[in-house]
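Summary of structural features
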Amino acid sequence: MIKPENNTFHTLSIQTTYQCNMKCANCYLGHMLNNPDYADIDLKVFEDSISKLPGKCDIRLIGAEPTMNDNLFELIRITRKYNHRPSLLTNGLKLGQEDYVIKMCDKYNRTTGITFPIMMRIKSVGKMGNHLDTYTYNINELINIAKENFGDFEPVFEIDGYKEKNTCTYKFQTEIGVMYGKCTDWTIDDDGLPDRGSKRRGILTKEGMIMPFFEFYEEEVNVKKKK
Ligand code: SF4
């Protein structure tokens, strides 16, 4: 676990809330989903931590479902205030409300990156108490699948000087303009964790510390098992 001022991660996930407007049986949050024991992120802890990051980061606003957090717009505002890049990982249900989306875009004068998780779950792995699943695709297979769907493109494995063999981005043309996609290979290692050792993916704890993304959830699952 490291302090925000010592952050080395390129992408920092923020567990904005544990609430969701869906209840998927295979939700990676397991017992934490819609559990009142798990509070929304504290705005003061968030701003205090974000303000100390030594370099520009992708601030990935996740949840369960980040649009269930009433302070989401404020989280985006704070992210931009400190010159980081906000993105939403959302199931998209609330984005069906036009006034909500217009308010979000108007308020910040430009849009925020939005990710809809298109899950290709091939194999469920029990080592994480079934709270974390993984995919059996490797990165080249994922790129080929993306090409089948979006046409040919040149995958980019380096962004802002940061390289990672397990993740690449690409851009493709749509009717509404250029969009960006990302492929990530989440094949697990011998300990049952995907992407271990990656310097890309960190997460902010409720105490305002930073730890590797999947190790954070592994810890939560193990804490629950011990109770
Ligand atoms: S967080 Fe995602 S996976 Fe979990 S219940 Fe909500 S939509 Fe489903």
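Residues numbered from 1 in each chain as written. Predicted model: local features only at pLDDT ≥ 70, side-chain atom pairs only at ≥ 80, totals over all residues. Heavy atoms only, no water.

**Notes on the overall build of the protein chain**
Helix and strand counts for the protein chain come out as five helices and 10 strands. Buried residues in the protein chain amount to 45% of all 227 residues. Surface accessibility of the protein chain: about 12700 Å² in total, with carbon and sulfur atoms responsible for 51%. (Helix = DSSP H or I, 4+ residues; strand = E, 2+ residues; numbered from the N terminus. Buried < 20%, exposed > 50% of the residue type's maximum accessible area, 1.4 Å probe, protein only. Areas by Shrake-Rupley, 256 points an atom, 1.4 Å probe, with all protein chains shown as cover.)

**Concerning the confidence of the model for the protein chain**
When pLDDT is averaged along the protein chain, the result is 78, and 75% of the positions lie at 70 or above. Here strand β4 (residues 113–115) stands out as the element of the protein chain with the lowest mean pLDDT, 61, in contrast to helix α1 (residues 43–50), whose mean of 97 is the highest. (pLDDT = per-residue confidence, 0-100.)

**Quick word on the pattern of salt bridges**
Tallying each qualifying case throughout the model produces six salt bridges. Note that aspartate 152 is salt-bridged to lysine 147, the shortest N-O span being 3.5 Å. (Salt bridge = Lys/Arg side-chain N within 4 Å of Asp/Glu carboxyl O.)

**Section: the nonpolar core**
By size, the foremost hydrophobic cluster in this structure holds 21 residues, and its most contacted members are Ile14, Phe46, Leu53, Ile59, Leu61, Leu72 and Met104. The set of elements that each furnish at least two residues to this core consists of β1 (11–15), α1, β2 (58–62), α2 (72–81) and α3 (98–108). A total of five residues in this core trace back to one element, the largest contributor, which is α2. Excluding its chain neighbours within four sequence positions, the residues that come into contact with methionine 104 are Phe73, Ile76, Leu88 and Leu95. In terms of nonpolar packing, the next biggest core, distinct from the first, is built from 16 residues, Leu29, Leu33, Ile62 and Leu89 among them. (Core = buried A, V, L, I, M, F, W, Y, C linked by side-chain atoms within 4.5 Å. Contact = heavy atoms within 4.5 Å.)

**What about α1?**
Residues of α1 that are buried: Phe46, Ser49 and Ile50. In a view along the axis of α1, the buried residues occupy a sector of 95°, so they form one face of it. Among the structural elements, β1, β2, α2 and β9 (201–204) are those in contact with the buried residues of α1. (Arc of directions from axis to C-beta.)

**Quick look at the environment of threonine 167**
Tracing the chain through its elements places threonine 167 in strand β7 (residues 167–174). Residues threonine 167 and leucine 142, spaced 25 residues apart in sequence, show a C-alpha to C-alpha distance of 9.9 Å. Every residue in contact with threonine 167, bar those within four places of it in the chain, is listed here: Ile139, Val156, Phe157, Lys182, Cys183, Thr184, Arg200 and Arg201.

**Here's the deal with the packing of α1 against α2**
Look at α1 against α2: their axes get within 10 Å of each other, and the N-to-C directions meet at 15°. Our classification of the angle between α1 and α2 gives roughly parallel. Considering the relative orientation of α1 and α2, their crossing is right-handed. On the side of α1, the interface is formed by Leu43, Phe46, Glu47 and Ile50, while α2 contributes Glu74, Leu75, Ile78, Thr79 and Lys81. Class assignment of the residues belonging to the contact of α1 with α2 gives a composition of five nonpolar, one polar and three charged. (Axes fitted to C-alpha atoms, helices over the stretch in contact; angles between N-to-C directions. Parallel < 35°, antiparallel > 145°, perpendicular 65-115°, else oblique. Left-handed = near helix turned anticlockwise from the far one by under 90°. Nonpolar A, V, L, I, M, F, W, Y, C, P; charged D, E, K, R; others polar.)

**Focus: the packing of aromatic side chains**
Under the defined criterion, the tally for this structure stands at three aromatic pairs. With 5.0 Å between their ring centres and 45° between their planes, tyrosine 18 and tyrosine 38 make a pair best called tilted. With tyrosine 18 in the loop between β1 and α1 and tyrosine 38 in the loop between β1 and α1, this residue pair connects regions lying 20 residues apart in the sequence. Accessibility classification places tyrosine 18 together with tyrosine 38 in one group, the buried group. When the centroid spacing of 5.2 Å and the interplanar angle of 40° are considered together, the rings of phenylalanine 73 and tyrosine 100 count as tilted. Note that phenylalanine 73 is positioned in helix α2 and tyrosine 100 in helix α3, a separation of 27 residues in sequence. (Phe/Tyr/Trp six-rings, centres within 6.5 Å; stacked < 30°, edge-to-face > 60°.)

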